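One letter stands for each residue in the lines below.
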Amino acid sequence: MKLSCIACLKREEIKAKTRVDWYYMPNKENDIPIDKTHIYKYEDDVPQEVDGPFKGRLRWNGSQDLQDVSIQINNVTHNDSGVYECHVYREFEFDFFTPSVFLIKDIKLRVKERASQDPTALYSEIMMYVLLVFLTLWLVVEMVYCYRKISRSDEQVQDTATNYLAIPSEQKANPAAPVTE
């Protein structure tokens, strides 16, 4: 299961130090104080799992340029349901000052016993088959049209050639005299 966290805060030509921390909360409600568990961190280009309930099941799934700072959970269980927080801290390096940006994103995960059918996938599959049938029929109609057009033009060419090569009947009785040198 990929937990996606996109943080497009950095341009390639600007140097930046990036630190990413992932936290897990079994439930997050506004009225109750948050019980966070630090589960993963990425700092100084080194991804590192933190000791805890997810040890050995997490893997870095982000991009090299750190625009995507996602992680992957392997062997997902019902106990993994909850809220995951992605904290991204960037410190940009300019000549005279070093501005920083701090971003927090929440990802809610609810693990089900069995995956439900996604209606979007079903609709796209139906549309694919409808288009396939429509385009096949259109191709057959186009081929029949072109075949008829070519066969009509071939008949006209044959008629023209027959009329051109035909000898009128009045000249059959008086054939022209052969030409001699």
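Residues numbered from 1 in each chain as written. Predicted model: local features only at pLDDT ≥ 70, side-chain atom pairs only at ≥ 80, totals over all residues. Heavy atoms only, no water.

Draft legend 1. Here's a closer look at the overall build of the protein chain. Secondary structure assignment for the protein chain yields 2 helices and 8 strands. Secondary structure elements in the protein chain, listed N-terminal to C-terminal, are β-β-β-β-β-β-β-β-α-α. Looking at the protein chain as a whole, 21% of its 181 residues are labelled buried. For the protein chain, long-range pairs separated by at least 24 residues make up 53% of all intrachain contacts whose partners lie at least 6 apart in sequence. (Helix = DSSP H or I, 4+ residues; strand = E, 2+ residues; numbered from the N terminus. Buried < 20%, exposed > 50% of the residue type's maximum accessible area, 1.4 Å probe, protein only. Contact = heavy atoms within 4.5 Å.)

Draft legend 2. Quick peek at the pattern of salt bridges. Counted under the stated rule, the structure contains 6 salt bridges. Here Asp51 ties to Lys55 by a salt bridge, and the two come within 3.7 Å at their closest N and O atoms. Residue Lys55 is classed as partly exposed on the basis of its relative accessible area of 45%. Linking Asp80 and Arg57 is a salt bridge whose minimum nitrogen-to-oxygen distance equals 2.8 Å. Highlighted residues: Asp80 in the loop between strand 6 (71–73) and strand 7 (82–92) and Arg57 in the loop between strand 4 (46–49) and strand 5 (58–60), separated in sequence by 23 residues. A relative accessible area of 2% places Asp80 in the buried class. Salt bridges sharing common partners tie together Arg19, Asp21 and Glu43. (Salt bridge = Lys/Arg side-chain N within 4 Å of Asp/Glu carboxyl O.)

Draft legend 3. Structural view of the pairing of strand 2 (residues 16–25). The buried fraction of strand 2 is high, at 7 of 10 residues. Across 10 bridges, strand 2 lies against strand 7 in antiparallel orientation. For Thr18, the partnering residue across the bridge sits in strand 7 and is Arg90. (Pairing = 2+ DSSP bridges.)

Draft legend 4. The arrangement of the sheet that holds strand 5 in detail. Pairing in this open sheet of 3 strands is antiparallel, and the strands run 1-6-5 from one edge to the other. On the outer flanks of this sheet lie strand 1 (2–3) and strand 5, each paired with one strand and no other.

Draft legend 5. Inspection of the pairing of strand 4 at higher detail. Pairing analysis gives 4 bridges linking strand 3 (residues 37–43) to strand 4, with the strands arranged antiparallel. From the neighbouring strand, Tyr40 faces strand 4, where its bridge partner is Glu49.

Draft legend 6. Layout of unusual backbone geometry. Unusually for a residue other than glycine, Asp44 sits at a positive phi of about 55 degrees. Here Asp44 lies in the loop between strand 3 and strand 4. Looking at Asp44, the relative accessible area reads 61%, which means it is exposed. Phi is positive for Asn75, which is not a glycine, with a value near 50 degrees. By the element assignment, Asn75 lies in the loop between strand 6 and strand 7.

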